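Here's the letter readout for the chains.
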Amino acid sequence: MELLHALVIDPIGAIADNPEFLLEVVIGGLLTGVMYSLVALGFVLIYKASGIFNFAQGVMVLFAALCFVGQLQLGMPLVMALLSTVAIMIALAFVIERVVLRPLVNQEPIILFMATIGITFFLTGLGQLVWGGDVKTLDIGLPKDPLIIGGVLVNEFDLTAAAVAGLLVAGLALFFQKTSIGRALRAVADDHQAALSVGIPLKTIWVIVWSVAGIVGLVAGIMWGTNLGVQFSLALVALKALPVLILGGFTSIPGAIVGGLIVGAGEKVAEVFWGPAFGGAIEDWFAYVLALVFLLFRPQGLFGERIIERV
Amino acid sequence: MAVLAGTDGAARPDAGGALLSVNNIEVIYDHVILVLKGVSLAVPEGRIVALLGANGAGKTTTLKAISNLLRAERGEVTKGAILYRGERVERLSPNDLVRRGVIQVMEGRHCFAHLTVEENLLTGAFTRRGGAEIRRDLDLVYRYFPRLEQRRKSLAGYISGGEQQMVAIGRALMARPRMILLDEPSMGLAPQIVEEIFEIVRRLNRAEGVSFLLAEQNTNIALGYADYGYILENGRVVLDGDAASLRANEDVKEFYLGLSASGRKSYREVKHYKRRKRWLA
Ligand SMILES: Nc1ncnc2c1ncn2[C@@H]1O[C@H](COP(=O)(O)OP(=O)(O)OP(=O)(O)O)[C@@H](O)[C@H]1O
Ligand SMILES: [Mg+2]
């Protein structure tokens, strides 16, 4: 009886009493979810184009944010620091292609996965060596005031972050659908060999996707860093990306985005309304339970690619 | 086990002046598996040359050695030379070769399933710049394959096998090639569609001046459209000659066309050549 109260009656009562509060919680969660989406998007890009599960995606977020904040602290103007970090992420993509991917071409996926674990340790070490291991605050002057919109409380910063992420995703969608390189990326994702046969150079494509994943990581890193400070725990955001990927499907860009939003909103709602029943901290594991449920009932994810088979 | 002995009297095309010449190449997969054991052939400019042979004879391997898709399969040319317009090309990447005008249409079509027909065609122009010219070539491809224009917005994964073969050829044309390496265009297609595709190949050859090296198991149709043919067995050329003389050759009739002096052979009589079943056209 007590359990019934804690699991059903109390939360539903709380929601019914104050639906606006539910809306606030959902919106707050969605905005966190945008960050998850960005990290998951980086995974999906690399996975689609090269079949590599990039364990280093989370640390790329950290590394990009570290480079950015480090250069700001050295007194570099904002735009310069931004451009220079983008350049660093592109250079990193070149190095990874040359040193890791090219020698390992045609190897088993598990070997490439291991290689990305190597990249993870390398970038963690390099980042700390160059920029130090202390927590850095990142403030690029984004507004942070709470706003009341239609009776609902939202944070101005969260809105900005969502807008930036939205623009980024729209830009990527245009890039993939409308440009020759974007088309080539999708072609490589479909059929490596055929892409090679029409003269699409895989090495160039890999550099491009790793660069794009690095830049997406930078945007995510700036947003998270502004919220939480730039510190090692940023890399752990990647751990939240895994359930997002299971929800959305590993090969689906819309899946990464929707999956991130669902996980973000879901875990906040669960924490606020069901947290008391479990003694709190649901937020930390809710996403994994959700992912587990998906693995059992819909292993290809929400948007897992339709497999086209035809002879 | 060379079933076919010796070459007949037909003159080999002059390798010196050929658009493409393959000289005595050896190909090894995975550092140990020797697949081609000294293959030589030539494709003169403006011709259709057929490369014939049973399953596993080495046709695809030969084409991939030329286009250098071999490297992506851990294969390697370990001996001999491949010359395209007089230039050694064994070390060039597929991208370099496409830029020079050599492109392969792979066995099994390999369309990009999640791209539309038109997007598939446009990927063929990846190595080119200049939107207006590419548009014009797209129209040209649609003129050769009117069916593709009707289906231009369909996902390539959902169109018929014949249409996919057309996409694969059209996609290669978008690279503006001088030479197409066409691997088993008849595979899995109804005879009528096969005929339609070969007719287009012939028109492309005559009107656009594209040279073809055509790997086929369907000897009958290939020799109907080619100028010259090579027969591969176990990684070696065992016979070559112009198409008419190959068609008239008794061994070819018996083993590759399913005919013998006494007329068409029944399946039962050639049972011990089961491996070649698909040859019986
Ligand atoms: N990637 C590879 N690794 C190892 N061996 C291979 C590889 N590809 C082909 N082979 C071997 O090389 C030989 C020739 O194969 P190839 O595909 O060139 O024959 P083919 O004449 O095209 O046959 P088919 O008519 O069946 O397409 C076969 O014995 C095959 O098993
Ligand atoms: Mg073959």
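Residues numbered from 1 in each chain as written. Chains lettered and ligands numbered in written order. Predicted model: local features only at pLDDT ≥ 70, side-chain atom pairs only at ≥ 80, totals over all residues. Heavy atoms only, no water.

A.B. asks: Is there a simple way to think about the overall build of chain A in this case?
C.D. replies: Helix and strand content of chain A: 12 helices and 2 strands. Each helix (α) and strand (β) of chain A, taken in turn from the N terminus, gives the series α-α-α-α-α-β-β-α-α-α-α-α-α-α. Over its C-alpha trace chain A gives a radius of gyration of 21 Å, about what one expects of a compact globule, namely 19 Å for 311 residues. With respect to the principal axes defined by its C-alpha atoms, chain A has extents near 65 × 60 × 35 Å. Here chain A, with 311 residues, has 46% of them falling under the buried criterion. When the accessible surface of chain A is summed, it comes to about 14300 Å², and 71% of that surface belongs to carbon and sulfur atoms. (Helix = DSSP H or I, 4+ residues; strand = E, 2+ residues; numbered from the N terminus. Rg over C-alpha atoms; globule rule 2.2 N^0.38 Å. Buried < 20%, exposed > 50% of the residue type's maximum accessible area, 1.4 Å probe, protein only. Areas by Shrake-Rupley, 256 points an atom, 1.4 Å probe, with all protein chains shown as cover.)

A.B. asks: Would you explain the site of ligand 1 in this entry?
C.D. replies: All names here are of chain B. In the neighbourhood of ligand 1, 15 residues make up the surrounding shell, with Asn 55, Lys 59, Thr 60, Thr 61 and Gln 217 lying closest. At 3.4 Å, a side-chain N or O of Tyr 29 approaches a nitrogen atom of ligand 1. Backbone polar atom of Gly 58 to an oxygen atom of ligand 1: 2.9 Å apart, as the coordinates give it. Protein contacts shield 68% of the accessible area of ligand 1, which totals 630 Å² for the unbound molecule. Secondary structure elements with two or more residues in the shell around ligand 1: strand S2 (33–43) and helix H1 (59–67). Looking at the shell around ligand 1, the element that brings in the most residues is H1, giving 3 residues. (Near = heavy atom within 4 Å. Polar contact = N/O pair within 3.5 Å; in protein donor to acceptor, adjacent residues only side chain to side chain.)

A.B. asks: Help me understand the environment of Ile111(A) in this model?
C.D. replies: All names here are of chain A. In this fold, Ile 111 is placed in helix H5 (residues 109–131). On the accessibility criterion, Ile 111 (34% relative accessible area) is partly exposed. Expressed as a C-alpha distance, the spacing of Ile 111 and Ile 15, which sit 96 residues apart in the sequence, is 49 Å.

A.B. asks: Any chance you could explain the coordination of the magnesium ion (ligand 2) here in plain terms?
C.D. replies: Each angle at a metal carrying four tetrahedral donors should ideally be 109.5 degrees, and each at a metal carrying six octahedral donors should ideally be 90 or 180 degrees. Of the protein atoms, only Thr60(B) (OG1) and Glu107(B) (OE) coordinate the magnesium ion (ligand 2), at distances of 1.9 to 2.1 Å. Linking Thr60(B) in helix H1 with Glu107(B) in the loop between strand S6 (102–105) and helix H3 (117–123), this pair joins segments that are 47 residues apart in sequence. (Donors = N, O, S within 2.8 Å, 3.2 Å for Na, K, Ca; no water.)

A.B. asks: Help me understand the environment of Leu78(A), please; the structure alone is not making it clear to me.
C.D. replies: Residues and elements named next belong to chain A. The topology assignment puts Leu 78 in helix H4 (residues 78–101). The sequence separation of Leu 78 and Val 26 amounts to 52 residues, and the corresponding C-alpha distance is 32 Å. With residues up to four places along the chain from it excluded, the contact list for Leu 78 reads Phe 68, Leu 72 and Ile 140. (Contact = heavy atoms within 4.5 Å.)

A.B. asks: Would you take a moment to explain the sheet that holds strand S7 (residues 179–183) of chain B for this structure?
C.D. replies: Adjacent strands of a sheet pair through backbone hydrogen bonds, lying either parallel or antiparallel. All names here are of chain B. Strand order in the open sheet made by the 6 strands is S6-S7-S8-S3-S9-S10, with mixed pairing throughout. Strand pairing shows two members of the sheet lacking a second neighbour, S6 and strand S10 (236–242), which therefore form its edges. Adjacent strand axes in the sheet meet at a mean angle of 15°, parallel and antiparallel pairs treated alike. Across the face of the sheet, helix H6 (residues 161–173) comes into contact with S6 and S7 while running at roughly 170° to S6. Most of the contacts of helix H7 (residues 191–208) go to strand S8 (residues 211–216), to which it runs at about 155°, and overall it touches strand S3 (48–52), S7 and S8. (Pairing = 2+ DSSP bridges. Axes fitted to C-alpha atoms, helices over the stretch in contact; angles between N-to-C directions.)

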